[in-house]
Structure formats: C-alpha cells, structure tokens
Amino acid sequence: MTGGSSSILSEALPTGTVSNMPWRKAGVVHPNNEIYIDIIEEIDAILSSNGAVISSDVSGRIQSQSNLSGVPDLLLTFNDPSLIDDCSFHPCVRYTRFEKDRVVSFVPPDGPFELMRYRVQMKGHQHSNLAVGNMPIQVIPRISYGKMGNDVGGRIGLTVTARSISSLIYSSSRKGPLVIDDVSVVIPFPKFVRTANLNATVGQVVYDEAGKIAKWTIGKLDEKTRPQLNGTMVLEESSSDEISTLGSEEQPPLFVNWKILLASVSGLNVSGLSVTGEHYKPYKGVRNITQSGSFQIRV
C-alpha cells in the first residue's frame, strides 16, 4: 500500500480541543478577560476543652477561575516557594518547570479548576505558634450530666470568641478589625440523649433528634461579639448506668467551621502572574483565604 499510512491510530484530535491540551476548548472567547486566584489554606486541628492545641496540620490548595480568550500562557510566581511542599498539580501545569524554577507555568482550562494542592512547609516559629494555641477562634464547651430535680438530665454551654493575636499572617490590603466568616459549630450528642432544648445569643441553632446532632450557625464573628449557647438535655430513661461510666471517648468532639479572608498561615503570597500568547491585558485578582479543615474541640 503506497501513498497512505498503515497506522490504525487516528491522528485527529477530539472535536473542540486544542492540540496537546485536552483540558482546553478551542475558540474560547470572553467579552471580559479576567482570571482569579485563591490561595486557600486549611487548618486541621484537635483542641482541648480549654483551648490547648493537641495536634495541628496545615494544607493548601490554589483555586482558579479563568475567563480568558484564546490560548493564554500563564506564569505564576511566589514570594517564598520554599513554603510549598509535597505538591500535586492539574494536568495543565508544566511540572518539570516547577521542579527546576519553582514557578507554575500553565495554559489554563476555561472556567473554575483546582490548579494545585500542597502541604505547608512552615518555619519553626510558625509550628510553635500553632502548638501553643494561637488559633484565630476559640470555643469553650461546658457539658455535664446528672440529677436535675427528680430526673436525670444534662446541661450544655458554649462560648465562642475571635482572637486577633494568632498565628495568622494578614494581607497588607486587609483593613479594620478581625472578622471571621461562615462560623458554625456542629455538636454531636451521645446516644443516650433523647432530645435537647438549646438557645443561642447569636445566630440560629437547630437540633436533629434523629441524628442526635445540633448545628449552631453563627455567621460573622468579631472580637467584640462573644456568642453563647446554653441548653438542657433530656436523657433516655435507661441512661443512668451509661452516665456513671461516661468517659471522654463516649462524649463526641465538637466540629467548628470558619473562614478568614485575606489571611494565611504560611505567609505564602503570589509575587507575579503574567499572561503571554494573547494581545489583551486581563484583569487579575489574587487573594488569600484561611479556613477550618477538620477542626475539633474535645469536650
């Protein structure tokens, strides 16, 4: 056979993709060219009932929202890339370039995507700050069981505070006092709790009798506000023996969710984001976010 190919593999690319870039569509056009980068660091921690840190760890990820026309080529650089450890990348990233120069070179997908994940390589003083309890939020629980009149019951009290003296590093663009967003506390109850009557000074609290879980949604929290939750519990009739042997392993920990804009644990910042390969000058937005991962309070 002459004048042709004997290969059984098609040389045609999938419809609508750019050569060698299956993550990017061909012919992308946006009326406004813009890209947003969020450096999100999560704190996984276990705290004691008095606020002491039992264990903590920090991981990060970089989320992007790319609305760029054509086939732009981006270069992302950091102020201190040594803070980044144990990375994983989106397929669009040229990994050998990162290994060589510690910069992120890539042609982005169109729309939202996760650019990379990493562990935070914190310096000695940063580890020390987290270890001594310099968390931006503190939850102090008070839970007890025993005789309440003629019945056996329980009492619960929680106080939540924001702490500006913490291990966080704030962006220079941040103005005003500390504000923590999207604050909520999930309170699991032991199986012998039949129901709970709960009231909060700030936000809303909902108790799920089937799951024996209460969720207290606080919302925004600042240093001037000290939300409190108080309540009583009604126990199952056969719970007296269980209460007498109740240990810390039977009392589930609380889970706290929170988020702080324009703050980081590691201090990792973007020092530059350049776009080549296209003639337009896009809008570029970059911000840091620190938030809770698995953030537990032992009772």
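Calculation criteria
- Residues numbered from 1 in each chain as written.
- Predicted model: local features only at pLDDT ≥ 70, side-chain atom pairs only at ≥ 80, totals over all residues.
- Heavy atoms only, no water.
- Salt bridge = Lys/Arg side-chain N within 4 Å of Asp/Glu carboxyl O.
- Helix = DSSP H or I, 4+ residues; strand = E, 2+ residues; numbered from the N terminus.
- Buried < 20%, exposed > 50% of the residue type's maximum accessible area, 1.4 Å probe, protein only.
- Phe/Tyr/Trp six-rings, centres within 6.5 Å; stacked < 30°, edge-to-face > 60°.
- Lys NZ or Arg CZ within 6 Å of the ring centre and 35° of its normal.
- Pairing = 2+ DSSP bridges.
- Axes fitted to C-alpha atoms, helices over the stretch in contact; angles between N-to-C directions.

Some points on the pattern of salt bridges
Tallied over the entire structure, the rule returns 8 salt bridges. Two residues, Asp 57 and Arg 119, come together in a salt bridge whose shortest N-O distance is 1.8 Å. Placement of the pair is Asp 57 in strand β4 (residues 53-67) and Arg 119 in strand β8 (residues 111-120), with a sequence separation of 62 residues. Residue class for Asp 57 comes out partly exposed when judged on its relative accessible area of 35%. Overall, the relative accessible area of 30% leaves Arg 119 in the partly exposed class. Two residues, Asp 101 and Arg 97, come together in a salt bridge whose shortest N-O distance is 2.8 Å. Of the two residues, Asp 101 and Arg 97 are both situated in helix α1 (residues 95-101); the distance of 4 residues between them amounts to about one turn of the helix. You can call Asp 101 partly exposed: its relative accessible area is 36%. Judged by relative accessible area, Arg 97 falls into the partly exposed class, the value being 33%.

Digging into the packing of aromatic side chains
As enumerated under the stated definition, the model contains 6 aromatic pairs in all. Three or more aromatic residues joined by ring pairs make a cluster, and in this case those are Phe 89, Tyr 95 and Phe 98. Lying across the ring of Tyr 170, Arg 174 places its NZ or CZ 4.1 Å from the centre.

Focus: the sheet that holds strand β19 (residues 270-276)
Taken in spatial order, the 3 strands line up as β7-β5-β19 in an open sheet, and their pairing is antiparallel. In this open sheet, the two edge strands, each paired with only one partner strand, are β7 (104-106) and β19. The mean angle between the axes of side-by-side strands here comes to 10 degrees, regardless of whether they run parallel or antiparallel. With 3 bridges joining them, strand β5 (residues 73-78) and β7 adopt antiparallel strand pairing. The residue bridging Leu 76 from the neighbouring strand is Val 104, located in β7.

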